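Examining the three-dimensional arrangement
The primary structure of each chain is shown beneath.
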Amino acid sequence: MSARKIIPPPLAKQLLLRFLRDDLAEEVEGDLDERFLATSKSKSLIRAKLNYWYEVIHYIRPFAIRKSKNNHLTNYAMFENYFKIGWRSLTKQKMYSIIKVGGFAIGIAACLLIALFIKDELSYDKYPDADRIYRIVEVWDYKGDKGKGVWFQAPFANAIKEDYPEIEMAGRYNSSELFGAGSKQIRPADKAENTYEEGFVFMDQELVQMLNLPMIYGNPAHCLDEPNTIVITKRKAEKYFPNENPVGKLMILNNDPKPYKIGGVIENFPTNTHLQFDFLITLKGDIFWKGEETSWCCTNYPTYIKLRAGADAALLEKKLLKVVNKYLLPVWIKDGAADPTGLSKATSFKLQPISDIHLKSEGISDPVQHGDIRFVWLFGAVAGFILIIACINFVNLSTAKSANRAKEVGLRKTVGSNRSNIINQFLTESLLYSFLSFIIGILLAWALLPYFNLLAAKAIVFPWKEWSLFPLLIGAAVIVGLLAGVYPAFYLSSFMPVQVLKGNVSKGSKSSITRSSLVVFQFTTSIILIIATFVIYRQVEYILNKKIGFDKDQVLLIQGTNTLEKNVTAFKNELLKLSQIKSASVSDYLPIRGTKRNGNGFFIEGRSTVDKSVSGQIWKIDHDYIKTMGMKLVEGRSFSPEMLTDSSAIIINQKMVKELGLKDPIGKRIQNWQVYTIVGVVEDFHFESLRDKIEPLAFVLGDQASIVSVKVNSKEMASVIQSIAAVWKTFSPNQPIRYTFLDESFARMYDDVQRMGRIFTTFAILAIIVACLGLFALSAFMVEQRGKEISIRLVLGASLNSIFNLLTLNFLKLVFISIIIAIPIAWYMMHKWLEDFTYRTEITWDVFVLAGIMAVLIALFTISYQSIKAALANPVNSLKSE
């Protein structure tokens, strides 16, 4: 190891000399240097450096710190002078300043927007006593069949409350369309016209109390105590009963002759909760069938509990295992399960804090829309990278512009300025740039927030009224300003006056290793974001255009047709008389999320054991459903009105054939609640998200009448809708027609993916803009610094092409290095992201080629202006001073 390399850490030494008293400095520095050399020889260089830092920090104590010789007025005047010099520097070099401040401001605006997004995501479900409220999650792992779910039997909530005294409250809800929740037609009892509304849920009185939902009218302890009662939100109360207390008023749901009495009005659910409802219907009594409240047969209810103060949630989780043996095991034995003991051992329960539901429910089957904690941290990382890129611009531009400040530093040192004064000067300038950038960045974030809300499907408000906002922003401005300015300050203040005045100081091109590394970091980050954007876009296109097993185009979904009651079939038949209608079907079960679902166990006739059953969906449809949806029968036939025996017929998909192990399925008999004869096999189609595998599914004839699907054979959709609306008016004059399109509903299933793609694209563009601003300024400074060299080359006959290559080649090398670094990182990140999708696009080589070409073209476009300008310049202008 050469002696030249064995030197103490420069930054530690500068820190020591900056703060240490003058009468101690020489002696302490010498002692520390001797110890450093001795330790590096006897131990190691790393150990010596660590010890040196320790000793330096040890000396930063009151007795050893240099006392300021200046009074407060002198300090004030000095900092005022620093500020004036910084302001003159800022206004003198306009392009340089605009790029510095503009890049910083864009980075700060991006960080603020993402910080507001993260803050909103982390604020979900902060109810009073949220630390004591849990959702119960069932976990099972039986012979390779693993899963997590939140569905429990009707008596489960009351049973655990009675058995475990540490549970203060237990409550359930049911938001399933299958049981009549979700959406309904509604009207006050004294009105004739129905209005379509969403957000209906069946809920226990105790869950209302547990969540401590603020009541405007009514008694929160008894608002859902009685059968046939309903609680509505403030916005719905104002809509149907403006300026009055509606408690006790009656409302009609879906033209049901049995009215519901309003038991209370609650404040609107905040946007940052996983529970988003407007109509809470009581669960008092047997709501869905007689005897349900004591039946342990069916799992239909997410269940929440509130623990008593001081109760141990982890201990209760273990105690809940007794529920399996006490209540579930007897049911499994009664139903003839082959291995009830094995099932009981494979079942356990977890208590999920209510505040974790929104972001930490990956892998849990539940009925709510929620976010993903991985996306939160991913976007946080993106924001951090953009800010780092902006800081890198500051450092790069400050060091690249060093030649312009070198003589200033040399002269100031010659006339008596010490290094600490110069460091303070440059740090003050850095803080000035930082504060200007923060002011512009805050205003930019505030102006862009409405567009960001559209992008992210949020309703975030800028927190002007929060007391902590401005102290945080001021603190951040100071920290960012100091971090961005500390390296340029120490670098620029290190120039030696003699070298500077002799003209031996590099004009910013030496120290290029650090600067080049920072440029590589900028473009590596930008290229990763470009690749991620391409992959996300391709996955969205793959999802929306993949062959899904049914024809979603030109299918109109007419909603709320159950209010027609027995006239639904007549309405369908009238529609079929229109020339633009190809076919029509009546069924609530559709191959898009948010419509009815009904899971059951199926097994071949005679095998009634739980372990031999196949779990699958059973959908009630009419005779024209398969034709209207464009599904393909691969075996057998569809349902026929002429076949009276079809009331006990069933059509299953290929997945169910495989799961049941049927070789020749047509004519075979399978059963769940009743025995069916298989008459057809439909080709597998996707009826849930492409994140999930296709599961077993069966069709039977049945009456599910709230949606009529219409296959249109005309491209003139406006005239078709007008004709359909006219038919609707004859059947339901007091209810406006409501419709959607199947392809649009299908696309909405992937709003989160598309939203992520849009956010990534936006911030990828911002990162590229910030990186390009820095590259543009760097190229301008390189041209300025090499001006005489370029002029001499031109005088000696160099071509425009050779000058262009001279000025661009080094930058392009950095971009190519960035591409090489970015590709494996981006591949790994996007490979992990795509693992969430069972059906996904491949990450092919052309994605990386396209991203690389784009990065090169962006870099070329950014630096070409300055390069061409330099090559076309008159060399006389640069050489006439020589």
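Here is a short report on the structure shown in this document. (Residues numbered from 1 in each chain as written. Predicted model: local features only at pLDDT ≥ 70, side-chain atom pairs only at ≥ 80, totals over all residues. Heavy atoms only, no water.)

**Focus on the pairing of strand β1 (residues 133-142)**
Going by this rule: The cut-offs for exposure are 20% and 50% of the maximum accessible area for each residue type, with area from a 1.4 Å probe on protein chains only; residues under the lower value are buried, those over the upper are exposed, and the others partly exposed. Secondary structure elements are defined from DSSP: runs of H or I of at least 4 residues count as helices, runs of E of at least 2 residues count as strands, and each element is numbered from the N terminus. A pair of strands is treated as paired once DSSP finds two or more bridges between them.
Within β1, eight of the ten residues are buried, leaving the element largely enclosed by the surrounding structure. As paired elements, β1 and strand β11 (residues 303-307) share three bridges and run antiparallel to each other. Looking at β11, one finds that R135 is bridged to Y304. In this structure, β1 lies alongside strand β12 (residues 347-353), joined through seven bridges in antiparallel fashion. In the sheet register, I136 faces β12, and the bridge partner there is L351.

**Section: the packing of aromatic side chains**
For clarity, the threshold we go by: Any Phe, Tyr or Trp ring, taking Trp's six-membered ring, that has another such ring centre within 6.5 Å forms a pair; planes under 30 degrees apart are called stacked, those over 60 apart edge-to-face, and the others tilted.
Per the stated rule, a full pass over the model turns up 27 aromatic pairs. Consider the rings of F200 and F279, whose centres lie 4.2 Å apart with planes at 10°: the pair is stacked. Here F279 lies in strand β10 (residues 279-282) and F200 lies in strand β5 (residues 195-203), a separation of 79 residues in the sequence. Given a relative accessible area of 1%, F200 falls into the buried group. These aromatic residues form a ring-pair network of at least three members: F550, Y589, W619, Y625, F685, F687 and F699.

**As for the nonpolar core**
Selection rule: Nonpolar core, defined: a set of buried Ala, Val, Leu, Ile, Met, Phe, Trp, Tyr and Cys residues in which side-chain atoms within 4.5 Å join the residues together. Contacts: residue pairs with any heavy atoms within 4.5 Å of one another.
Of all hydrophobic cores here, the largest spans 115 residues; its most connected members are F452, W619, Y625, M631, F685, F699 and W833. Among the elements that take part in this core, helix α5 (residues 94-122) stands out by supplying 14 residues, more than any other. Leave out the neighbours within four places in its chain, and F685 touches I548, G549, F550, P591, W619, M631, I694, L697 and F699. Formed by 27 residues, the second largest nonpolar core is a distinct cluster that contains Y134, A159, A170 and L316.

**What about the pairing of strand β17 (residues 614-621)?**
Burial analysis of β17 places six of its eight residues in the buried class, the great majority of the element. One ladder, built from five bridges, connects β17 with strand β22 (residues 697-701); its direction is parallel. From the neighbouring strand, K620 faces β22, where its bridge partner is V700.

**Some remarks on the side chain of S526**
Within the secondary structure, S526 is located in helix α17 (residues 512-545). Judged by its relative accessible area of 2%, S526 falls in the buried class. Ignoring sequence-local partners within four residues, the contact set of S526 consists of I389, A767, I768 and A771.

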